[in-house]
Amino acid sequence: MRILVTGASGYVGSRLIPELLTRGHAVVGSYTAERPVDFPWCETVEWRQMDVLDLRAVVDAVSGVDAVAYLIHGLDDDDFRATDREAAENMRDAVDRAGVSRLVYLSGIVPEVDREDLSEHLVSRLEVEETLAGSSAATLTLRAAIVLGSGSTSFEVVRQISERLPLVQVIPTWMKDTMVQPIAVTDAVYLLAQALEQTEVTGHLDIAGPDRLTYPQLLEVYADVAGLTRVQLPVPAVPVDVLGAVAGALTDVPAPTVAALTASLRHDMVANGDRHTVLGDPDRPTLAVRDAIERALAPFDADRDGAAQGGDALAPSAGDPAWSR
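Every value quoted in this text rests on a predicted model; they were computed, and no experiment measured them.

Cut-off values and rules
Residues numbered from 1 in each chain as written. Predicted model: local features only at pLDDT ≥ 70, side-chain atom pairs only at ≥ 80, totals over all residues. Heavy atoms only, no water. Helix = DSSP H or I, 4+ residues; strand = E, 2+ residues; numbered from the N terminus. Expected span 1.5 Å × (residues − 1). Buried < 20%, exposed > 50% of the residue type's maximum accessible area, 1.4 Å probe, protein only. Arc of directions from axis to C-beta. Contact = heavy atoms within 4.5 Å. Lys, Arg positive; Asp, Glu negative; His and termini not counted. Salt bridge = Lys/Arg side-chain N within 4 Å of Asp/Glu carboxyl O. Pairing = 2+ DSSP bridges. Axes fitted to C-alpha atoms, helices over the stretch in contact; angles between N-to-C directions. Patch = residues over 30% accessible without salt bridge, like charges linked within 9 Å, V, L, I, M, F, W, Y side chains within 5 Å. Areas by Shrake-Rupley, 256 points an atom, 1.4 Å probe, with all protein chains shown as cover. Charge placed at Lys NZ, Arg CZ, Asp CG, Glu CD.

Asker: What's the story with helix α7 (residues 215-226) in this structure? I'm lost.
Answerer: For the α-helix, the turn length of 3.6 residues means that residues three or four positions removed from each other point alike. An ideal rise of 1.5 Å per residue puts 16 Å on twelve residues; α7 measures up with 16 Å between its terminal C-alpha atoms. Among the residues of α7, those classed as buried are Tyr215, Pro216, Leu218, Leu219, Val221, Tyr222 and Ala223. Once α7 ends, the next one or two residues include Gly227, with phi positive near 75°.

Okay, structure coming up:
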């Protein structure tokens with residue numbers, strides 16, 4: 001297939017492209033301002049400039065492709081919800097005009113609560129999913145919670161909070177029972193590639209690793225793997241917006257992004273069953289949380305890892321945000 005990967009130089013896109021190339025697909029990568037040049041596979045990809053808020057540019061970018069991997073989110077915008085909605089509408093319309101047959105969107109797990117109880121971040125993800133599902137393409141949304149790997153926005157929040165807080169970690173009591181089910185980036189990339197190929201699977205699927213744990217437990221596992229000594233101090237009555245402000249001040253991730261992500265911590269972010277196995281080998285193991293964190297924290301060895309396709313072997317490349325290196 002000829003596959004357009006949007007956000008090709010981003011965290012997931014830069015890992016998905018070599019996976020697709022390994023599978024024998026022709027890849028078109030989109031970029032906004034400057035064409036990427038630092039990836040080892042840059043010359044193997046056809047590059048097309050695309051402003052997702054410009055419908056004509058999106059139509060040109062999807063021209064002649066069989067499938068689109070939609071990996072665009074705008075959490076650092078003041079009105080990210082409106083921006084994401086406009087971007088999704090442009091992609092939907094462009095896909096219809098070009099006759100693209102397959103569209104895969106990577107989104108977030110949506111808790112089983114009333115829509116009005118969802119954070120604005122998750123409502124926006126759901127709106128994008130619904131908009132793209134209205135296209136003429138066979139559309140599938142993969143919903144993930146925290147993606148574990150060096151450079152992942154949510155992982156970098158965990159990493160930087162863990163490493164920059166002193167000995168004591170303040171934990172709001174309302175977080176102590178909230179569950180999350182992370183997925184390793186290598187597994188997310190594998191399932192994205194599978195989803196692009198298996199065009200008969202449509203709708204939405206939750207994707208996740210094998211471990212369900214609370215957020216305090218996730219911080220404990222990270223601290224243990226990283227060799228950090230941290231004591232958790234439960235504190236009652238910490239509002240979500242205060243937690244987001246503190247987390248934003250502690251990390252190098254853009255503050256609006258941290259605030260948007262933190263607002264989603266009120267509900268369990270766990271997979272609904274194990275349905276994502278329909279996309280791949282049910283006997284293929286997925287990385288446990290500890291293994292994924294160990295992989296993310298392992299030092300990069302160019303001689304050992306440079307030829308590896310996808311996963312954290314590409315973490316030090318220019319595709320990761322500057323704050324992850």
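Alright, that's what it looks like, and here's the rest.
Asker: Just to check I follow, could you spell out helix α10 (residues 289-297) for this structure?
Answerer: Along α10, the residues that are buried comprise Val289, Ala292, Ile293 and Ala296. Projected down its long axis, α10 shows its buried positions confined to an angular sector of 95°, all on one face. Buried residues along α10 sit in contact with β7 (147-148), α5 (153-164), β10 (183-184), β12 (213-214) and α7.

Asker: Hey, could you run me through the side chain of Asp84 in this one?
Answerer: Take Asp84: it is sitting in helix α3 (residues 80-98). For the buried residue Asp84, which engages in no salt bridge, the nearest side chain bearing the opposite charge is Arg125, 5.5 Å off. Excluding anything up to four places from it in sequence, Asp84 contacts His73, Gly74, Ser124 and Val128.

Asker: Is there a simple way to think about the pattern of salt bridges in this case?
Answerer: Oppositely charged side chains may form a pair once their charged atoms are brought near each other. For the structure on display, the rule yields 15 salt bridges. A salt bridge links Arg23 to Glu197; the nearest nitrogen and oxygen atoms lie 2.9 Å apart. Taken as a pair, Arg23 in the loop between α1 (13-22) and β2 (26-31) and Glu197 in helix α6 (residues 185-197) lie far apart in primary sequence, 174 residues in all. Of the residues examined, Glu197 reaches a relative accessible area of 30% and is grouped as partly exposed. Its salt-bridge partner being Arg143, residue Glu129 comes within 2.9 Å of it at the nearest N-O pair. You can see Glu129 sitting in helix α4 (residues 120-133) and its partner Arg143 sitting in strand β6 (residues 138-144), a full 14 residues away along the chain. It is possible to trace a salt-bridge network through shared partners that takes in Arg2, Glu46 and Arg48.

Asker: I tried to follow the sheet that holds strand β3 (residues 46-49) on my own but got confused; where do I start?
Answerer: In space, the seven strands of this open sheet follow the order β3-β2-β1-β4-β5-β6-β11, with parallel pairing throughout. Every other strand in the sheet has two partners, leaving β3 and β11 (203-207) as the edge strands with one partner each. Strand-to-strand twist in this sheet, taken as the mean axis angle between neighbours without regard to direction, amounts to 20°. Bridge count for strand β5 (residues 102-108) against β6 is seven bridges, and the pairing is parallel. When the bridges of β6 are listed, Leu103 appears paired with Thr139. Sheet strands touched by helix α2 (residues 55-62): β1 (2-5), β3 and β4 (67-70). Its angle to β3, the strand with the most contacts, is close to 170°. Here α6 sits on the sheet in contact with β1, β4, β5, β6 and β11, set at roughly 150° to β5.

Asker: Explain a negative patch on the surface to me, please; I cannot follow it from the model alone.
Answerer: Residues Asp51, Asp54, Asp60, Glu86 and Glu89 make up a contiguous surface patch of negative charge. The residue Glu89 is located in helix α3 in this model.

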